[in-house]
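# Results of the structural survey
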Amino acid sequence: MTDPQQPPATAPDDAARAVHGTRPAHAADAAGAAGAAGAAGAGEPPAPRGSALLRAVEVMEALRAADGDAWTHQQSHASLARYLLEETYEVLEVIDDPGAHGPQALRDELGDLLFQILFHARVGEEADPAWDIDDVARAFTAKMERRNPHIFGERRDRALEDRGDVGQIVAQWHAVKAAEREAAGAIAAQGPVWFEGIPVDLPSLQTAAKVVHRARSEGRLDELLAAADEAAAAADGADWGADLGRDLLDLAVRAEARDDDPETALRALLARTRSTIEARPDSH
């Protein structure tokens, strides 16, 4: 493997993995030192939860520092995008079939994903205007506090009629989001906004479930399905499998009704099917 301390001008995947997948030597040494320090103070009260995150920020700072890691210096939001996607799928792989991985696999994969978040935040410090990991945390905290008034609001005891009713919690979340759009001066869309804000690259089954959920929450699921029927009746429907697409939408409706994600269900089934086949004596 290429030495991550001396990557070529255009780092190949092996060099990239040395940094984003397997920690470089100085980062590993730093993490090991931190762990040793924790072990040395075994008789002391445990550090506050989250204190290790501060060390993670320091490690990222050391990598990007002027005297830090050359490969890290070359990276941008765009060049890091593929690693963010890869690490996300590696997390999902462990979640989908935990039996095929070790007991610490999810923790380790989430650590790799955390590194990507820290990396993007560190690159953000060099943007104009600059932003950092604290801004990311503030944005998350502010959003959660706004959208969960039954937990964080001044009148949290009155926010919901029944704090155990998940339907009320979801409706409250959507109401706060709608108020946020209005406060931001969002232009009113013509008709429902069921597709608004959904990433175009989100898997289609997951997109369908999200759209169905939004339409059902508004009591307008029939309107969504009628529009789907109209689209599927297009003259060129046979060319793009309109009938199959319509059947898949019905599947998404069934999945959403029981609070399941069809994309996750299929992905998990395929992962476990692969493990089942590979475990057979005659599979090799």
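See the structure printed just above.
Keep in mind that what you see is a predicted model, and the values were worked out from it rather than measured.

Proximity of charged atoms lets side chains of opposite charge pair with each other. Scanning all chains against the criterion turns up 17 salt bridges. A salt bridge links Asp-96 to Arg-267, with the nearest nitrogen and oxygen atoms 2.5 Å apart. You can see Asp-96 sitting in helix H5 (residues 77-96) and its partner Arg-267 sitting in helix H13 (residues 262-279), a full 171 residues away along the chain. Classification of Asp-96 by relative accessible area gives buried; the value is 4%. Linked by salt bridges that have partners in common, Glu-61, Arg-64, Arg-122, Glu-125 and Glu-126 make up one network.

Following Asp-128, the chain continues to Pro-129 via a peptide bond in cis, the omega torsion being 5°. Within the secondary structure, Pro-129 sits in the loop between helix H6 (105-124) and helix H7 (133-147). Although it is not a glycine, Asp-259 sits at a positive phi angle of roughly 60°. Checked against the element boundaries, Asp-259 lands in the loop between helix H12 (242-257) and H13. Note on Asp-259: relative accessible area 71%, which makes it exposed.

Looking now at the packing of helix H10 (residues 204-217) against H13. In the contact formed by H10 and H13, the axes pass within 7 Å of each other and the chain directions differ by 150°. Counted together, Leu-205, Gln-206 and Ala-209 of H10 and Pro-262, Glu-263 and Leu-266 of H13 form the full contact between these two elements. For the contact of H10 with H13, a count of residues per class yields 4 nonpolar, 1 polar and 1 charged.

Ranked by size, the top nonpolar core spans 13 residues in total, and within it Val-212, Leu-221, Leu-224 and Leu-249 carry the most contacts. For this core, the secondary-structure elements that each account for two or more residues are H10, helix H11 (221-232) and H12. In this structure Leu-224 touches Trp-194, Val-211, Val-212 and Ala-215, once residues within four positions along its chain are discounted. Val-59, Tyr-83, Phe-119 and Val-123 belong to the second largest nonpolar core, which has 10 residues in total.

What follows is about a nonpolar patch on the surface. A contiguous nonpolar surface patch, about 370 Å² in accessible area, is contributed by Leu-53, Leu-114, Ile-117, Trp-131 and Val-136. Here Val-136 lies in helix H7.

Tracing the backbone through its elements, the reader meets Asp-69 in the loop between helix H3 (51-64) and helix H4 (70-73). No salt bridge is formed by the buried Asp-69; the nearest opposite charge belongs to Arg-64, separated by 8.5 Å. Among the polar contacts made by the side chain of Asp-69, one reaches the main-chain amide nitrogen of Trp-71 at a distance of 3.3 Å.

Our next topic: the packing of aromatic side chains. Applying the stated criterion across every chain, the model contains 3 aromatic pairs. For the ring pair Trp-71 and Phe-119, a centre distance of 6.4 Å and an interplane angle of 70° mean the geometry is edge-to-face. Separated by 48 residues along the polypeptide, Trp-71 in helix H4 and Phe-119 in helix H6 bring together distant segments of the chain. Relative accessible area serves as the criterion here: at 1%, Trp-71 is assigned to the buried category. Seen in terms of ring centroids, Phe-115 and Phe-119 are 5.4 Å apart; in terms of plane orientation they differ by 55°. Their pairing is tilted. You can see Phe-115 and its partner Phe-119 sitting in helix H6, 4 residues apart, about one turn around the helix. The two residues Phe-115 and Phe-119 agree in class, both being buried. Feature note: the residues Trp-71, Tyr-83, Phe-115 and Phe-119 constitute an aromatic cluster, connected by ring pairs.

Relative to the elements of secondary structure, Arg-246 occurs in helix H12. Reaching out from Arg-246, the side chain makes a polar contact with the side chain of Asp-250 at a distance of 2.7 Å.

Let us look at H12. Taking 1.5 Å per residue as the helical rise, H12 with its 16 residues ought to reach 22 Å, and the 23 Å between its terminal C-alpha atoms agrees with that figure. Within the sequence span of H12, burial applies to Ala-242, Arg-246, Leu-249, Ala-252, Val-253, Ala-255 and Glu-256. The elements touched by buried residues of H12 are H10, H11 and H13. At the exit of H12 stands Asp-259, carrying a positive phi of roughly 60°.

Rules used in this analysis
Residues numbered from 1 in each chain as written. Predicted model: local features only at pLDDT ≥ 70, side-chain atom pairs only at ≥ 80, totals over all residues. Heavy atoms only, no water. Salt bridge = Lys/Arg side-chain N within 4 Å of Asp/Glu carboxyl O. Helix = DSSP H or I, 4+ residues; strand = E, 2+ residues; numbered from the N terminus. Buried < 20%, exposed > 50% of the residue type's maximum accessible area, 1.4 Å probe, protein only. Axes fitted to C-alpha atoms, helices over the stretch in contact; angles between N-to-C directions. Contact = heavy atoms within 4.5 Å. Nonpolar A, V, L, I, M, F, W, Y, C, P; charged D, E, K, R; others polar. Core = buried A, V, L, I, M, F, W, Y, C linked by side-chain atoms within 4.5 Å. Patch = residues over 30% accessible without salt bridge, like charges linked within 9 Å, V, L, I, M, F, W, Y side chains within 5 Å. Areas by Shrake-Rupley, 256 points an atom, 1.4 Å probe, with all protein chains shown as cover. Lys, Arg positive; Asp, Glu negative; His and termini not counted. Polar contact = N/O pair within 3.5 Å; in protein donor to acceptor, adjacent residues only side chain to side chain. Phe/Tyr/Trp six-rings, centres within 6.5 Å; stacked < 30°, edge-to-face > 60°. Expected span 1.5 Å × (residues − 1).

Function-wise, these values are silent; they only describe arrangement.
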